[in-house]
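A structural walkthrough
The primary structure of each chain is shown beneath.
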Amino acid sequence: MKDKEVKVLKDQRDRRKRVQRIRTGIITFISVWMILSIVLTTFMCVKIVSLQKQIDILSGNYDDSGEVQNKVTGTAGDTADLLIQTTDDKDNLAQEGDVHQVYLTFDDGPSDQTNEILDILDDYGVKATFFVNGREDEASIAAYKRIVDEGHTIAMHSYSHKYSEIYESMDAFKNDFLRIQNLIYDTTGVECMYYRFPGGSSNRVSNADMSEYIRYLNDQGVIYYDWNVSSGDATSQAFTVDELVENVMKDVVKYKTSVVLMHDANTKATTVQALPTMIESLQASGALILPIDENTKVIQHTSIQK
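Described below are features of the structure shown in this document. This one's a predicted model, so the numbers in the text were calculated from it and none came from an experiment.

Conventions adopted
Residues numbered from 1 in each chain as written. Predicted model: local features only at pLDDT ≥ 70, side-chain atom pairs only at ≥ 80, totals over all residues. Heavy atoms only, no water. Patch = residues over 30% accessible without salt bridge, like charges linked within 9 Å, V, L, I, M, F, W, Y side chains within 5 Å. Areas by Shrake-Rupley, 256 points an atom, 1.4 Å probe, with all protein chains shown as cover. Salt bridge = Lys/Arg side-chain N within 4 Å of Asp/Glu carboxyl O. Lys, Arg positive; Asp, Glu negative; His and termini not counted. Charge placed at Lys NZ, Arg CZ, Asp CG, Glu CD. Helix = DSSP H or I, 4+ residues; strand = E, 2+ residues; numbered from the N terminus. Buried < 20%, exposed > 50% of the residue type's maximum accessible area, 1.4 Å probe, protein only. Phe/Tyr/Trp six-rings, centres within 6.5 Å; stacked < 30°, edge-to-face > 60°. Lys NZ or Arg CZ within 6 Å of the ring centre and 35° of its normal. Pairing = 2+ DSSP bridges. Right-handed = clockwise from strand over helix to strand, strands pointing away. Polar contact = N/O pair within 3.5 Å; in protein donor to acceptor, adjacent residues only side chain to side chain. Contact = heavy atoms within 4.5 Å. Expected span 1.5 Å × (residues − 1).

Let us look at a negative patch on the surface. Taken together, the side chains of Glu 136, Asp 137, Glu 138 and Asp 186 define an acidic patch exposed on the protein surface. Note that Asp 186 resides in helix 5 (residues 170–188). Residue Asp 186 is classed as exposed on the basis of its relative accessible area of 62%.

This part covers the packing of aromatic side chains. Within this structure, the stated rule accounts for 13 aromatic pairs. When the ring of Phe 173 is compared with that of Tyr 216, the centres are 6.1 Å apart and the planes differ by 90°; the resulting orientation is edge-to-face. Here the residue Phe 173 occupies a position in helix 5, and Tyr 216 occupies one in helix 6 (residues 210–220), the gap between them amounting to 43 residues. Each of the two residues, Phe 173 as well as Tyr 216, counts as buried. Here the aromatic cluster, defined as three or more aromatic residues joined through ring pairs, consists of Tyr 163, Tyr 167, Phe 173, Phe 177, Tyr 195, Phe 197, Tyr 213, Tyr 216 and Tyr 224. Just above the ring of Tyr 159 sits the side chain of Arg 179; from NZ or CZ to the centre is 3.8 Å. Arg 196 extends its terminal NZ or CZ atom over the ring of Phe 131, reaching a point 4.2 Å from the ring centre.

Residue Gly 109 is joined to Pro 110 through a cis peptide bond whose omega torsion reads 0°. Position of Pro 110 among the secondary structure elements: in the loop between strand 2 (101–107) and helix 2 (114–124). At Ser 158, a residue that is not glycine, the phi angle is positive and equals roughly 80°. One can find Ser 158 in the loop between strand 4 (153–156) and helix 4 (163–166). With a phi angle near 60°, His 161 is a residue other than glycine that sits in the positive phi range. Here His 161 is to be found in the loop between strand 4 and helix 4. For His 161, a relative accessible area of 17% gives the class buried.

Bringing a nonpolar patch on the surface into the picture now. On the surface, a cluster of nonpolar side chains totalling about 670 Å² of accessible area is made up of Ile 22, Ile 26, Phe 29, Ile 30, Trp 33 and Met 34. Its place among the elements puts Ile 30 in helix 1 (residues 2–58). Look at Ile 30 and you get partly exposed, because its relative accessible area is 41%.

Before going further, it helps to examine a positive patch on the surface. Among the surface-exposed residues, Arg 13, Arg 15, Arg 16, Lys 17, Arg 18 and Arg 21 lie close enough to one another that they form a single positively charged patch. Here Arg 16 is to be found in helix 1. The exposure class of Arg 16 is exposed, given its relative accessible area of 52%.

Attention shifts here to the pairing of strand 3 (residues 129–132). Residues of strand 3 alternate between two faces, with Thr 129 and Phe 131 on one and Phe 130 and Val 132 on the opposite face, all of them buried. Examined bridge by bridge, strand 2 and strand 3 share 3 bridges and lie parallel to one another. What sits directly across from Asp 107, in strand 3, is Phe 131. Once the chain exits strand 2 it traverses helix 2 before rejoining the sheet at strand 3, and the crossover so formed is right-handed.

As for its position among the elements, Arg 146 is in helix 3 (residues 138–149). Side-chain polar atoms of Arg 146 contact the side chain of Glu 150, separated by 2.6 Å. When near neighbours in sequence (up to four residues on either side) are disregarded, Arg 146 contacts Asn 115, Leu 118 and Asp 119.

As a further point, take helix 7 (residues 241–252). Along its 12 residues, helix 7 runs 17 Å from first to last C-alpha, staying within 8% of the 16 Å computed at 1.5 Å per residue. By the burial criterion, the buried members of helix 7 are Leu 244, Val 245, Asn 247, Val 248, Met 249, Asp 251 and Val 252.

See below:
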């Protein structure tokens, strides 16, 4: 009888141990599953955001500094002017047999990359457009002069490229504009009449009333250019050389006139590496690569309509 009781107690202990092991296994499984789910969900969210960002870049919804753009529609401030989106110009859509005119533009220079970009352009006999910022060191002054001397178009991209300063007020914008225009003139003798807004004409990064600044440039006889093709180098250095080239080539075929956004900055080495292949691909396609001049079709994200 005693042996039987001992066996019963042993069976009960073994059963409790099995139950405990099963419970522990279930808890461990659920914990691991929850952790993996959280990790996977986080990864997927990051991936989705990254993919959406790349889609926005390629569709032109990011400005030249990586900030999100809000396309401008409706009234502008307290004026009777209407800012209209003009990026999707149906007259500029390419038809079969059209010769594609491509304008390679570089924002934010001069930089440590400028001379290498100019060397590559010279090797291929190609002229481009440089929307420059204001820098007065010896190397930058030499870069301004070289851009002009080698037949490229020099254009303005503000002096400071600081949104909070440029768009603080109309006076601040005028002062910045005159500063970069005068620097270019004093350095190169060129009275520059082309401008690209930091962030593009459709930016709302600083909650600025862009109609005021657009009207000011119009009054000065200055033409502002945005872009309708983006290489994608504005917001991410994750794009490879091949991807940068593909980003450009897949869009230039859509338009008769393509203004391509790229950047001349110390951090944009991949852009420089992609440039030879990009030029070769464009030339092989029969596209004409040109610098912006008085004959260039104006590409603007927004313009003022009375």
